[in-house]
Amino acid sequence: MRKKILVVDDEPSISMLIEFNLKLAGYDVRCVSDGEAVFDMLKPFRPDLIVLDLMLPKMDGIQVCRELRKQNNAVPIIMLTALQDVTDKIAGLDNGADDYMTKPFSPQELISRIQAIFRRLQTLPGAAEDLIYSIGSLQVHAEQREVYLDGKMIELTPKEFELLLFLCKHKGKVLSRQQLLHGVWDYHFLGDTRIVDVHISHLRDKIEKNARTPEYIMTVRNVGYKMHGPALAGESSLA
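Residues numbered from 1 in each chain as written. Predicted model: local features only at pLDDT ≥ 70, side-chain atom pairs only at ≥ 80, totals over all residues. Heavy atoms only, no water.

Draft legend 1. Spatial organisation of the UniProt feature "modified residue: 4-aspartylphosphate" (unreviewed entry) in the protein. Under the UniProt annotation, the feature "modified residue: 4-aspartylphosphate" (unreviewed entry) is placed at D53. Within the secondary structure, D53 sits in strand β3 (residues 49–53). The contacts of D53, once residues within four sequence positions are left out, are V8, D9, D10, G61, L80, T81 and K103. (UniProt positions renumbered as here; feature names shortened; annotations may be inferred. Helix = DSSP H or I, 4+ residues; strand = E, 2+ residues; numbered from the N terminus. Contact = heavy atoms within 4.5 Å.)

Draft legend 2. Just unusual backbone geometry, in detail. Residue P104 is bonded to the preceding K103 through a cis peptide linkage, with omega at -5 degrees. As for its position among the elements, P104 is in the loop between β5 (99–102) and α5 (107–123). Phi at R46 is positive, roughly 50 degrees, even though this residue is not glycine. Assignment of secondary structure puts R46 in the loop between α2 (35–45) and β3. One non-glycine residue, R145, lies in positive phi territory at about 55 degrees. Take R145: it is sitting in the loop between β7 (138–141) and β8 (146–149). R145 sits in the partly exposed class, given a relative accessible area of 27%. (Buried < 20%, exposed > 50% of the residue type's maximum accessible area, 1.4 Å probe, protein only.)

Draft legend 3. Examining the confidence of the model for the protein more closely. Here the protein averages 85 in pLDDT, while 88% of its residues score no lower than 70. Across the protein, the element-wise mean pLDDT spans from 38 in strand β13 (residues 231–238) up to 98 in strand β1 (residues 4–8). For the stretch residues 125–129, pLDDT sits under 50, and the model shows 8 contacts to residues farther than four places along the chain or on other chains. (pLDDT = per-residue confidence, 0-100.)

Draft legend 4. Representation of the sheet that holds β5 within the structure. Across the sheet, which stays open at both edges, the 5 strands sit in the order β2-β1-β3-β4-β5 with parallel pairing between neighbours. Whereas interior strands pair on both sides, the edge strands pair on one side only; in this sheet they are β2 (28–32) and β5. Across the sheet, the axes of successive neighbouring strands diverge by a mean angle of 20 degrees, strand direction being ignored. Looking at chain direction, β3 and strand β4 (residues 77–81) are connected through 4 bridges and run parallel. Considered in β4, the bridge of D53 is made with L80. Along the sheet, α2 contacts β1, β2 and β3; its crossing angle with β2, the most-contacted strand, is approximately 155 degrees. Strands β3 and β4 of the sheet are contacted by helix α3 (residues 61–70), whose axis makes an angle of about 165 degrees with β4. (Pairing = 2+ DSSP bridges. Axes fitted to C-alpha atoms, helices over the stretch in contact; angles between N-to-C directions.)

Draft legend 5. How the structure looks around the sheet that holds strand β11 (residues 217–220). Ordered in space as β10-β12-β11, the 3 strands form an open sheet in which the pairing is antiparallel. The strands lining the two open edges of the sheet, one partner per strand, are β10 (175–176) and β11. Bridge analysis of β10 against strand β12 (residues 224–227) gives 2 bridges, and the strand direction is antiparallel. Bridge assignment links L175 to a residue of β12, and that residue is Y225. Those strands touched by helix α8 (residues 194–207) are β11 and β12, and its axis lies near 140 degrees from that of β11.

As structure tokens, then:
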């Protein structure tokens with residue numbers, strides 16, 4: 001079955017351009033022009049991914065993101081913004097967007113981002129990933145996509161989970177931001193690697209006792225990050 005993509009943008013010319021190129025790439029596409037219409041389309045269309053403009057009538061992209069995640073809807077979201085302000089991009093990520101692109105953008109780049117997200121979803125989880133990674137009092141269940149800290153389940157967004165799992169798989173290794181982008185987002189992101197820093201910050205808020213003095217996700221100055229912590233018995237055992 002063709003993957004379904006919901007495009008949300010109030011500029012007809014942009015919607016038509018995205019729709020034309022996505023259909024050409026083999027996707028089933030529907031377009032709506034305001035934030036509230038997203039929720040009208042969830043049940044009848046059941047999108048596999050949403051391309052969401054930031055500035056929308058009725059509900060803006062941030063509000064749509066926030067409400068979807070509040071409903072525990074994990075559909076991947078690529079947010080579009082005409083704004084150059086980094087804080088607006090971070091706001092989208094803070095509220096559950098998986099990725100963002102700044103207008104104007106290449107339709108082919110958008111398709112590449114979409115394909116990268118779908119590749120990640122196809123490979124996580126799988127039979128070969130049926131593992132539990134235990135680091136200190138943190139447990140990451142790869143197949144169930146569940147995370148426990150001191151025995152209590154922690155709610156993570158899909159991208160936060162994939163980032164944490166990737167770090168756990170490479171425990172003790174220093175990973176650059178570009179390596180994390182390629183390993184978790186499945187593409188080389190040119191220029192701004194802030195998307196990694198934002199997701200690392202979110203993870204620290206959720207798994208660290210004190211995000212300012214982390215015990216698990218360590219910053220390696222001028223390089224990137226590494227997963228650290230005392231390993232429990234059976235660090236990578238079959239679930």
